[in-house]
Amino acid sequence: MKKTLIVAAVSALAAGGALAQSSVTVYGRLNLSVESQKNISVDGTQVVLQNSASRIGFKGTEDLGGGLKANFIIEHGFSPDTGAGASPFWGRQSEVNLAGAFGMVRLGNFTSEAYYATADYISMHNHDTGTSEDKLYAYLGRNGNKIAYRTPEFIKGLTAEAAISLSEGAVGQTRTYDGAINYAAGPLQLGFGLERNNGNEQYAIRGLYEMGPVILGAYFQMHKDKTLGDRNVYRFSAAYNVGASEFHFNFGKSDEFDKLNNSDATQYTVGYNYNLSKRTKVYAFYTAVDNGDAFSYFGATNRAGKALDSSSFAVGVRHNF
């Protein structure tokens, strides 16, 4: 009898474990740099300890059988230099989704896939964070109260996603829409993204090509602002990877808004990364934004309200876990 009960108990435990097939992963990034900044938060030069999108997150998945999976991601941003947390606490991402042969349905708070398909994809240096991030790209998506659907691959390497952020009756808040298409064929990767938010629109295309140690990327964006008018944004990026070293360069340009003279701008970044391991790297970069007098994409303004050019020289360390 005892043997029978033991065998039954072991069988029940084994069956329960097989049915669960779930896992939770803790991940994150700490990214800090010492920077000499000019005309960024103040009119003048200062030395700061700069946080660049440090975060901690939890993601999990459960195999429900029949090819169906339930997944979640919650991610919190914080500043390692002060210990302060971002608000709201899970503001970086908080979603639950169901995935299967039909694709994926997502609910919650998450970044627009239009951004990932275009600007983020070619921002190879420092993950498009901190003072060297792309300051010219028009991000119009609203991350909260969001419903999205991602297709399975139509053909190998081709997927699409569409999303809507609900207004939920909030005063002055409208529904926003975003969508993306991604295609990967060996060394060539292409993307398209669009966003619509309260009468403002943006459309962008992206291309990236890998040639051994050399990676070249570019995007073109059309931005329609209901107040300032239309403008075009361009960006080119290049990376050369050899051994533990990475050499990065990118250049971006925004045309004037057609209703605001002297609102054009340029930005460029040169950077060097050295990988101490697969998870840890040290880096240095110089980035600069040349604003038109009438509009500041990044940086301070002087007492007369004129937009000032800004720049930063940084040395930092980034650790992923």
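1. Thoughts on the overall build of the protein chain
Thought 1: A tally of helices and strands in the protein chain yields 3 helices and 17 strands.
Thought 2: Along the first, second and third principal axes, the C-alpha set of the protein chain runs to 90 × 45 × 45 Å.
Thought 3: Counting only residues that meet the buried cut, the protein chain has 39% of its 321 residues in that class.
Thought 4: Taking the intrachain contacts of the protein chain between residues at least 6 apart in sequence as the baseline, contacts between residues at least 24 apart amount to 51%.
Thought 5: Between the mean site of the 29 positive side-chain charges and the mean site of the 29 negative ones, the protein chain shows a separation of 7 Å.

2. Some thoughts on the confidence of the model for the protein chain
Thought 1: In the predicted model, the protein chain carries a mean pLDDT of 93, and the fraction of residues at 70 or more is 93%.
Thought 2: Across residues 1-18, confidence stays below pLDDT 50; counting only partners more than four residues off in sequence or on other chains, it has 0 contacts.

3. Observations regarding the nonpolar core
Thought 1: Counting 13 residues, the largest nonpolar core has A119, L136, Y137, Y219 and Y297 as the members making the most contacts within it.
Thought 2: At the level of elements, helix 3 (119-122), strand 12 (214-225) and strand 13 (229-242) are the ones that each hand at least two residues to this core.
Thought 3: Each residue touching Y137, except ones within four places of it in the same chain, is listed here: A114, Y115, T118, A119, Q202, Y219, Q221, R231 and V233.

4. Some words on the layout of surface pockets
Thought 1: Of the volumes computed, that of the largest pocket is approximately 1200 Å³.
Thought 2: Lining the largest pocket we find 48 residues, and of these R92, T111, Y115, Y116 and D120 sit closest to its centre.
Thought 3: Estimated volume of the second largest pocket: approximately 180 Å³.
Thought 4: For the second largest pocket, the full set of lining residues is D120, S123, M124, H127, I215, A239, N241, E246, H248, N273, K281 and R318.
Thought 5: Among the secondary structure elements, those contributing two or more residues to the lining of the second largest pocket are strand 13 and strand 14 (245-254).

Conventions adopted
- Residues numbered from 1 in each chain as written.
- Predicted model: local features only at pLDDT ≥ 70, side-chain atom pairs only at ≥ 80, totals over all residues.
- Heavy atoms only, no water.
- Helix = DSSP H or I, 4+ residues; strand = E, 2+ residues; numbered from the N terminus.
- Buried < 20%, exposed > 50% of the residue type's maximum accessible area, 1.4 Å probe, protein only.
- Contact = heavy atoms within 4.5 Å.
- Lys, Arg positive; Asp, Glu negative; His and termini not counted.
- Charge placed at Lys NZ, Arg CZ, Asp CG, Glu CD.
- pLDDT = per-residue confidence, 0-100.
- Core = buried A, V, L, I, M, F, W, Y, C linked by side-chain atoms within 4.5 Å.
- 1 Å grid on protein atoms, 1.4 Å probe; cavity = no way out; pocket = protein on both sides within 12 Å on 5 of 7 lines; lining within 4 Å.
- Points joined across faces, edges and corners; volume = space filled by probe spheres on them.

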